[in-house]
Amino acid sequence: MRKKRRNNRLIVCPRTKQFTDIVVCAASCQNRCAVYRETITIDMLLKFIEEHPEYEIIGEIMPVKTKATVKETRYWILDDQNVVQEVNEKEIMKNPQDFLNKQIFQKPPFKYDLVITLKRVKVED
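Right, let's walk through the structure included here. This is a predicted model, so every value here is computed, not measured.

What counts and how
Residues numbered from 1 in each chain as written. Predicted model: local features only at pLDDT ≥ 70, side-chain atom pairs only at ≥ 80, totals over all residues. Heavy atoms only, no water. Helix = DSSP H or I, 4+ residues; strand = E, 2+ residues; numbered from the N terminus. Buried < 20%, exposed > 50% of the residue type's maximum accessible area, 1.4 Å probe, protein only. Contact = heavy atoms within 4.5 Å. Areas by Shrake-Rupley, 256 points an atom, 1.4 Å probe, with all protein chains shown as cover. Patch = residues over 30% accessible without salt bridge, like charges linked within 9 Å, V, L, I, M, F, W, Y side chains within 5 Å. Salt bridge = Lys/Arg side-chain N within 4 Å of Asp/Glu carboxyl O. Pairing = 2+ DSSP bridges. Axes fitted to C-alpha atoms, helices over the stretch in contact; angles between N-to-C directions.

Looking now at the overall build of the protein chain. Tallying secondary structure elements over the protein chain gives four helices and seven strands in all. Going from N to C terminus, the protein chain has its helices and strands arranged as β-β-α-α-α-β-β-β-α-β-β. The buried share among the 125 residues of the protein chain stands at 22%. Within the protein chain, counting contacts between residues at least 6 apart in sequence, those at least 24 apart form 58% of the total. Accessible surface for the protein chain amounts to roughly 10600 Å². Of this, 51% is attributable to carbon and sulfur atoms.

Let us look at the environment of threonine 41. Tracing the backbone shows threonine 41 in the loop between helix H2 (34–39) and helix H3 (42–51). Each C-alpha atom, one on threonine 41 and one on valine 115, is 9.7 Å from the other, the two residues being 74 residues apart in sequence.

There is a patch of nonpolar side chains on the surface, built from Ile61, Phe110, Tyr112 and Leu114 and spanning about 500 Å² of accessible area. Within the secondary structure, leucine 114 is located in strand E7 (residues 112–120).

Here the focus is the sheet that holds strand E4 (residues 74–78). Pairing is antiparallel across the open sheet formed by three strands, whose spatial order is E5-E4-E6. Each of the sheet's edge strands pairs with one partner strand only, and the pair in question is strand E5 (84–88) and strand E6 (103–106). Strand after strand, the sheet turns through a mean of 30° between neighbouring axes, direction not considered.

Counted under the stated rule, the structure contains two salt bridges. With a closest N to O distance of 3.2 Å, arginine 74 and glutamate 86 form a salt bridge. One end of the pair, arginine 74, is in strand E4; the other, glutamate 86, is in strand E5, with twelve residues separating them in the sequence. Residue class for glutamate 86 comes out partly exposed when judged on its relative accessible area of 35%.

For E4 and E5, the ladder comprises five bridges, and the chain directions are antiparallel. Counted as the bridge partner of arginine 74 is asparagine 88 from E5. Counting the residues in the hairpin turn of E4 and E5 gives five residues, including asparagine 82, whose phi is positive at 60°. Where E4 lies against E6, four bridges are found, and the strand directions are antiparallel. For tryptophan 76, the partnering residue across the bridge sits in E6 and is phenylalanine 105.

Take the side chain of asparagine 88 next. Position of asparagine 88 relative to the elements: it lies in strand E5. A residue is classified by how much of its surface remains accessible, and asparagine 88, at 14% relative accessible area, is buried. In this view, asparagine 88 contacts Glu72, Thr73 and Arg74; residues no more than four positions away in its chain are not counted.

Right, here's the structure in full:
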């Protein structure tokens, strides 16, 4: 009877449908899928780079959604103390006196996350 050894470092890649080591995924994954974001932790990568100095941790800014859906126009109001307040267009139209002499920016529809990855670097001996 064979004993099954459970490897906590293996994940199933949703793109290739194959078992992949977490570290290999962190170094080579191009699209940083949801499995990657849920599985990879900073502690895991810190432990790996302690053992392998030829790698370093870098960050990538990845979009959360590929297509933005805008239901209502939202604005960011910057007051005198540089505090941002998020309001919708209806509020501004109903109470314009509250927003006079303030900076108004349209809220961008895109949202981004910071994703950590591994990068191989040249180590000088």
